[in-house]
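# Per-entry structural report
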2 protein chains.
Amino acid sequence: MASNRQKKNPPKADDNVVPLIKGRRATSYDVARLAGVSQSAVSRCFKPGSSISEKMRKRVMKAAKEVEYQPNAIARGLITQRSNLVAVLVSGRLNLYYPEALFKITEELSTAGLQALLFTVESEDDAESVIEQAWQFQVDGVISASHMSQAQYDLLRKRQIPVVFFNRYFADHPNTVVYCDPSEQIDALAEQLAELGHKRAALIAGPVDNMVSRERARMTREALTRSGLEIVAEAEGDFSYESGASGLQDIKRAGAHPTVIICINDMMAMGCMDEARSVLGLKVPSDLSIVSFDGMGMSQFSSYELTTIRQPIGRMSEAAVKMITDRVDDPEQSHEKRVFQGAVIPGGSIARAPT
Amino acid sequence: MASNRQKKNPPKADDNVVPLIKGRRATSYDVARLAGVSQSAVSRCFKPGSSISEKMRKRVMKAAKEVEYQPNAIARGLITQRSNLVAVLVSGRLNLYYPEALFKITEELSTAGLQALLFTVESEDDAESVIEQAWQFQVDGVISASHMSQAQYDLLRKRQIPVVFFNRYFADHPNTVVYCDPSEQIDALAEQLAELGHKRAALIAGPVDNMVSRERARMTREALTRSGLEIVAEAEGDFSYESGASGLQDIKRAGAHPTVIICINDMMAMGCMDEARSVLGLKVPSDLSIVSFDGMGMSQFSSYELTTIRQPIGRMSEAAVKMITDRVDDPEQSHEKRVFQGAVIPGGSIARAPT
DNA sequence: ATTCAGTTTGCATTCGAATGCAATAATGCT
DNA sequence: AGCATTATTGCATTCGAATGCAAACTGAAT
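Presented here is a report on the structure given in the accompanying data block. None of these values were measured; they are calculated from a predicted model. (Residues numbered from 1 in each chain as written. Chains lettered and ligands numbered in written order. Predicted model: local features only at pLDDT ≥ 70, side-chain atom pairs only at ≥ 80, totals over all residues.)

### Topic: the overall build of chain A
Counting its regular elements, chain A contains twelve helices and twelve strands. Radius of gyration (C-alpha) of chain A: 28 Å, far over the 20 Å computed for a compact globule of 355 residues. In terms of its C-alpha atoms, chain A occupies a principal-axis envelope of roughly 95 × 40 × 30 Å. Of all 355 residues assigned to chain A, the portion counted as buried reaches 49%. (Helix = DSSP H or I, 4+ residues; strand = E, 2+ residues; numbered from the N terminus. Rg over C-alpha atoms; globule rule 2.2 N^0.38 Å. Buried ≥ 20, exposed ≤ 12 C-beta atoms within 10 Å, placed from the backbone.)

The following block contains the structure:
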């Protein structure tokens, strides 16, 4: 191969008649040989901003097209120390809401010239191995919408890999994060519930090890109390439809009689609503009002029409990608929190409290 | 660097006191130097099945652990001509059913030592650029659950990249594919509908450019006719909830009065059911029966409880991954179709025809 | 024609791991 | 011990593109 490389200044085109492609994909050397230029010239043609004459560019591009040359991103990654790969960590089962974000993030990454390397994380052990995998693949950054321990995060930081958290974060530690703050909206809803005559509320919370879930629950408790509603019962779910249903059962079994239930996410609210209607025979919203968080597409299906607090998933995804690209380009970039406002979707799942 | 590499046979450990890590991640050379062995030895330690003594392995592993060495998958990919990356193509918006498959596929790939490089494809143009992207990243294979033209497929084949279609395929061309054949189930359901006294059916089909959609529609027409039901109307949807609702409206507007509607997927069935109940004031199933395809999780929420034909997504995902790994390991492997049986989920959306 | 600045181009090296080959060490066998 | 095998190990090269540096070229000004 070394002897095939051009020797003296003006390498002649086609001075080597070895067929360019025999099974093997074309490399920059193949293109160089075909165009009668050096490999460096080919490389420069594919790197925007390089010093190259128009004549040379045309010549190279013609040859490149001829053999369908596309630069090898793997080889490029090795020399530039940039893989253009971003690990995207999602938890598969938990929340059917995230696919929307995942697709959006993937698209945005792609327009930024980056590719999403997808990892599903179900447990902390998963996270462990996922981080090692990502590290092996030299990912330029990590967008995490799944659980990650402090130690795992620290490991990534130590390895100088930028991390952006999507809807989760460590409260007592600086980190880069995008999330949604629904406090104003839950305040407004609590106020509205009070005006509708509600006095007794119940809460179906999410897993306590989940930051977003905890925060939503905390805000809800505060908002309800502030508006003069009593929280007569609490149940803990796991974000799933089933746990919304069983959460309602738990509340009833505890002997509580709330007139409104706040669910920490839409999925549980749907489970709760279905259980109320089909098992307990309650009418929603006339017998029981339901409020929730997320604003996922399904929540507005006419069987549900939830009154919920929407997260602006699209803008949050854009922000997450922007934040990761900024940090890939400049690793010194400081931490940043981007907090989006929620928005109430009025829905039809709340009404005046039954008398 | 060349002068740092060990010169003669037994290279002494630590004969070079340059700090191993100064910002830079450890390489096999760093480990080799620390352990006092050659780089090849380190490489062999991380390749299962290599000729290496136990003593050497321990020594290397100790050094590797010390500097947290993990082989660089990018560099490995360059030399082995294997990226261990598989492109997974999904269409983002269309079908909320695929996330389940996507996560499953990702997990399965991961246990096979492969990583999923995620691409969203909305249009044929997208597919074009996605294929080029995937090619640049030297993916070892492609799993496509999205649209792809014959020309695009041919391009991938020409480039010797194995492709597995997930629930789509080209009928008149050999290719490797996993899909679900619901013909027996739809026959059984048609039979059951006839026994329940149904005579007039309507069909809400999917996009005609979608193979699965076309096939389901075809089978449905055949099954219904065979069982003596007349198809009094057909509407075409796009798999979305909204198009299920508008499909029903189209049917009604055409003046048809079916007693049962077959929807080509669950999502449209839910839209159709909600529209029937909340807008047309019909009772499902007593006034109108509904049948569909997919068996996605939501379809069994108690607001819907669809009678639907489930695809075994889990097993299909496993099969897809198995098929792609087989073909990555042996590119000569011939084409294969793996067809899974559907399964009827009885649900509660069909009943005796109203008189 | 000469000089000089500015552009283009090519050369040689680099990234990090894998591997064929040859050298060496370890082991078995007589 | 002596010789033949076999198992380990190291050496040198390779994968494909990017890039610092120097050589060559361009054009303009003198």
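### Things to note about the pairing of strand β5 (residues 176–181) of chain A
Residues and elements named next belong to chain A. Along β5, five of the six residues are buried, which leaves the element largely enclosed by surrounding structure. Direction of pairing for strand β4 (residues 163–166) relative to β5: parallel, over a ladder of three bridges. From the neighbouring strand, Phe 165 faces β5, where its bridge partner is Val 177. Pairing of β5 with strand β11 (residues 337–341) involves five bridges; the strand directions are parallel. (Pairing = 2+ DSSP bridges.)

### Topic: the sheet that holds strand β10 (residues 307–310) of chain B
All names here are of chain B. The six strands lie next to each other as β7-β6-β8-β9-β10-β12, forming an open sheet whose pairing is mixed. At either margin of the open sheet sits one strand with a lone partner, and together these are β7 (230–236) and β12 (343–345). If you compare each strand with its neighbour and ignore which way they point, the axes differ by 20 degrees on average. Across three bridges, the pairing between β10 and β12 is antiparallel. Looking at β12, one finds that Thr 308 is bridged to Ile 345. Sitting on the sheet, helix α9 (residues 211–226) is in contact with β6 (200–205), β7, β8 (260–263) and β9 (289–294), with an inclination near 175 degrees to β6. (Axes fitted to C-alpha atoms, helices over the stretch in contact; angles between N-to-C directions. Contact = placed C-beta atoms within 7 Å.)

### Describing the interface of chain B and chain A
Contact with chain B, which involves 35 residues of that partner, is made by 35 residues of chain A. When contributions to the side of chain B that touches chain A are tallied by element, the ones reaching two or more residues are α4 (73–80), α5 (98–111), β2 (115–120), α6 (124–136) and α11 (266–279) of chain B. Two elements, strand β2 (residues 115–120) of chain A and β2(B), share three bridges in a ladder whose sense is antiparallel. When the sheet's bridge partners are listed, A:Leu118 is paired in β2(B) with B:Ala116.

### What about the packing of α5(B) against helix α12 (residues 313–329) of chain B?
Residue and element names in this part refer to chain B. Where α5 contacts α12, the axes come no closer than 9 Å and their chain directions differ by 45 degrees. With respect to each other, α5 and α12 are oriented oblique. Here α5 and α12 pass one another in a crossing that is right-handed. From α5, Glu 100, Ala 101, Lys 104, Ile 105, Glu 108 and Leu 109 reach across to α12, where they touch Ile 313, Gly 314, Ser 317, Glu 318, Ala 320 and Val 321. Here the residues of the contact of α5 with α12 are counted per class, giving six nonpolar, two polar and four charged. (Parallel < 35°, antiparallel > 145°, perpendicular 65-115°, else oblique. Left-handed = near helix turned anticlockwise from the far one by under 90°. Nonpolar A, V, L, I, M, F, W, Y, C, P; charged D, E, K, R; others polar.)

### Brief notes about the nonpolar core
With 104 residues, the main nonpolar core has A:Val86, A:Val88, A:Leu117, B:Val86, B:Val88 and B:Leu117 as its most contacted residues. If we ignore the near neighbours within four places in the chain, the residues touching A:Val86 are A:Leu109, A:Leu114, A:Ala116, A:Leu117, A:Val139, A:Asp140, A:Gly141, A:Val142, A:Ile143 and A:Ile324. (Core = buried A, V, L, I, M, F, W, Y, C linked by C-beta atoms within 7 Å.)

### Concerning the environment of B:Leu156
Residue and element names in this part refer to chain B. Inspection of the secondary structure assignment puts Leu 156 in helix α7 (residues 150–158). Once the C-alpha coordinates of Leu 156 and Ser 299 are considered, the two residues, 143 residues apart in sequence, prove to be 36 Å apart. Not counting chain neighbours up to four residues away, the residues in contact with Leu 156 comprise Ile 131, Val 142, Ile 161 and Val 163.

### Some thoughts on the relation of the copies chain B and chain A
Note on the identical chains: chain B maps onto chain A by a rotation of 180 degrees and an axial translation of 0.0 Å, with an RMSD of 0.1 Å. As the rotation angle and translation indicate, the two copies are arranged about a two-fold axis. The rotation axis passes nearest to the C-alpha of B:Leu117 in chain B, at a distance of 2.3 Å. A shared binding surface is used by both copies, with 100% of the interface residues of chain B retained as interface residues in chain A. (Least-squares fit on C-alpha atoms with pLDDT ≥ 70 in both.)

Keep in mind these values describe shape, not function.
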